[in-house]
Protein chains: 2
Amino acid sequence: METNRTIGIVGLGLIGGSLAVDLRARGYASRFIGTDKNPLNAEAAGRLGLVDRVVPLEECIEESDIIVVSVPVSAAAGIIHTVLDTFKDKGYTDKIVMDVCSTKSQIAERLKYHPCRKRYVATHPMAGTEHSGPWAALPGLFDARACIIADQDESDPAAVRTVEELYKVLNMRIVYMTSDSHDVHTAFVSHLSHVTSFSLALTVLDKERDEKHIFDLASGGFSSTVRLAKSNADMWVPIFMQNRDNLLRVIDAYMEKMQDFREAIDQYDEDKVRALIDEANRIKKIIR
Amino acid sequence: METNRTIGIVGLGLIGGSLAVDLRARGYASRFIGTDKNPLNAEAAGRLGLVDRVVPLEECIEESDIIVVSVPVSAAAGIIHTVLDTFKDKGYTDKIVMDVCSTKSQIAERLKYHPCRKRYVATHPMAGTEHSGPWAALPGLFDARACIIADQDESDPAAVRTVEELYKVLNMRIVYMTSDSHDVHTAFVSHLSHVTSFSLALTVLDKERDEKHIFDLASGGFSSTVRLAKSNADMWVPIFMQNRDNLLRVIDAYMEKMQDFREAIDQYDEDKVRALIDEANRIKKIIR
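Residues numbered from 1 in each chain as written. Chains lettered and ligands numbered in written order. Predicted model: local features only at pLDDT ≥ 70, side-chain atom pairs only at ≥ 80, totals over all residues. Heavy atoms only, no water.

### Some details on the interface of chain B and chain A
Item 1. Taken together, the contact pairs 90 residues of chain B with 89 residues of chain A.
Item 2. Interface area, chain B with chain A, both sides summed: about 8,700 Å², of which 70% is carbon and sulfur.
Item 3. It is B:Leu217, B:Lys230 and B:Met241 in chain B that bury the most area against chain A; as a group they hold 8% of the surface buried on that side.
Item 4. Here chain B and chain A share 12 salt bridges between them.
Item 5. Where A:Asp206 meets B:Lys257, a salt bridge forms, and the shortest distance between an N and an O atom there is 2.8 Å.
Item 6. At the junction of chain B with chain A, the criterion picks out 27 residue pairs in polar contact (both at pLDDT 80 or more).
Item 7. Contributing elements (two or more residues each) for the side of chain B that touches chain A: β7 (146-150), β8 (173-177), α7 (179-208), α8 (220-226), α9 (233-242), α10 (244-266), α11 (270-280) and α12 (283-286) of chain B. (Contact = heavy atoms within 4.5 Å. Buried area = accessible area lost by both parts, 1.4 Å probe. Salt bridge = Lys/Arg side-chain N within 4 Å of Asp/Glu carboxyl O. Polar contact = N/O pair within 3.5 Å; in protein donor to acceptor, adjacent residues only side chain to side chain. Helix = DSSP H or I, 4+ residues; strand = E, 2+ residues; numbered from the N terminus.)

So this is what it looks like as structure tokens:
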């Protein structure tokens, strides 16, 4: 493995920071630089030692072998575009830019005809916490999780191999699919559960206005179900916007299930409620 | 503390079993007996050493100082009634019967005019896991959780004190409220999150019929949100039935929040989605 590399992280938050921590500790690269348009994040990332040096974006592109774009999905396509423009203008043919975004189709669309498209590898490591910012960076965040590489045929095979190597160092299981398929899957197993957690939090917070002590009774089960409601708007608003069509379909499918429960409970239909719960219990065999 | 007691557990599942484990380890009583109408559970509880002896219900009432009723809520009122009848018929004035049920109003209603009502203490320790049966019993399950004592004025003060002592040994924080208030609170912080988890599981399981690998991508966030969907129907069907009216109101409040999200996403209303998420984030200050 080539280890005499420089990694440039654009966006020094939870994901960018955690990538840097493990890639450094595991010897994937020798030098880490980074940039963040929020000066507070940039300074914190430097002080926390996530990167060796905080630099402007141009310098980050210039000096890095691999540029990792880990910013909210609304900003990602523009930055990747800028990076690819620089590759073109300066004649860089060996550098790679990769993103870690939670939506893929809109970004793919935007970059489709860029003459340097092949130097971009679209990825999504399926890991995270409900916290954000450089201070939320964690060692081991990616271990044993799935990582999607999207539209791999659109990228240079050598660039894909380098990125696969990077994710193998992070102990990730790589899954290949198209951007469109990615966005359908994540609507189901990630975006929907954020909407349901936010809504659950809002429902109980509303009730708290009259019943000050309602949360005194919250047990571990409630905390677990509502955990994702701590996730931040800067990250999630653009994800919901970019994956709007899939997400609306999935929300509708979910509301139908809620409605099935509502009706069965309303009609004291014990058999129906039991059948719904028994079916839901199949999740036991799938999620440990 | 009087420790030369016999505790009788009616219903040797997760809650009854876990109570026995900690009460024994912490010296609250010297002898534990129990009964379960399911012979498999009864035998397992004996083999696991949760109780010293498995006995018929009559003997359990006869020999115990405190009878703990830890059966599904649909069966609880009938058993407590039988226990109180025995107290009356045999002239027992010192024995106590307590339940640990997740719903309280219907049970309270049923027992209201029993001549031995004062020897019954209505409680609900707010702890559990998504697993069930005697093999799911855990030490430390109740530590640092809340326990509700409902309608305490309906019980003998001395009986309430004995039960308070029991829950203090389990390191529980005791909260007092009426049965009706209990059922409203738990609809919000417990029953609703079970319905949302079941529905989330059903939605993704449906999709799995076409997309075999959808769960390959499930991250820790999804697992956390869907965890309660592993909970079993024997316990939850009767809870939903007994708390129907409160639960329907809470489901409706929740569906309105889901609808707010749906509309804001549908209309690409970023400001509205942001406002909803920011408001939901208040949960951070409440749930660690």
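Picking up where we left off.
### Considerations on the domain arrangement of chain A
Residues and elements named next belong to chain A.
Item 1. As far as domains go, chain A holds domain 1 (6-177) and domain 2 (182-285).
Item 2. Just the C-alpha atoms count here: the centres of domain 1 and domain 2 sit 31 Å apart.
Item 3. Contact with domain 1, which involves 16 residues of that partner, is made by 17 residues of domain 2.
Item 4. Of all residues in domain 1, Ser102, Thr103 and Glu130 bury the most surface against domain 2, accounting for 38% of the area lost on that side.
Item 5. Put simply, domain 1 and domain 2 have 1 salt bridge between them.
Item 6. Our count for the domain 1 to domain 2 interface comes out at 8 residue pairs in polar contact (both at pLDDT 80 or more).
Item 7. Only α4 (73-90) and α5 (105-111) provide two or more residues apiece to the side of domain 1 that touches domain 2.
Item 8. Sorting elements by how many residues they give to the side of domain 1 that touches domain 2 places α5 first, with 3 residues.
Item 9. Across the side of domain 1 that touches domain 2, the residue classes tally to 7 nonpolar, 7 polar and 2 charged. (Domains from an automatic or database assignment. Nonpolar A, V, L, I, M, F, W, Y, C, P; charged D, E, K, R; others polar.)

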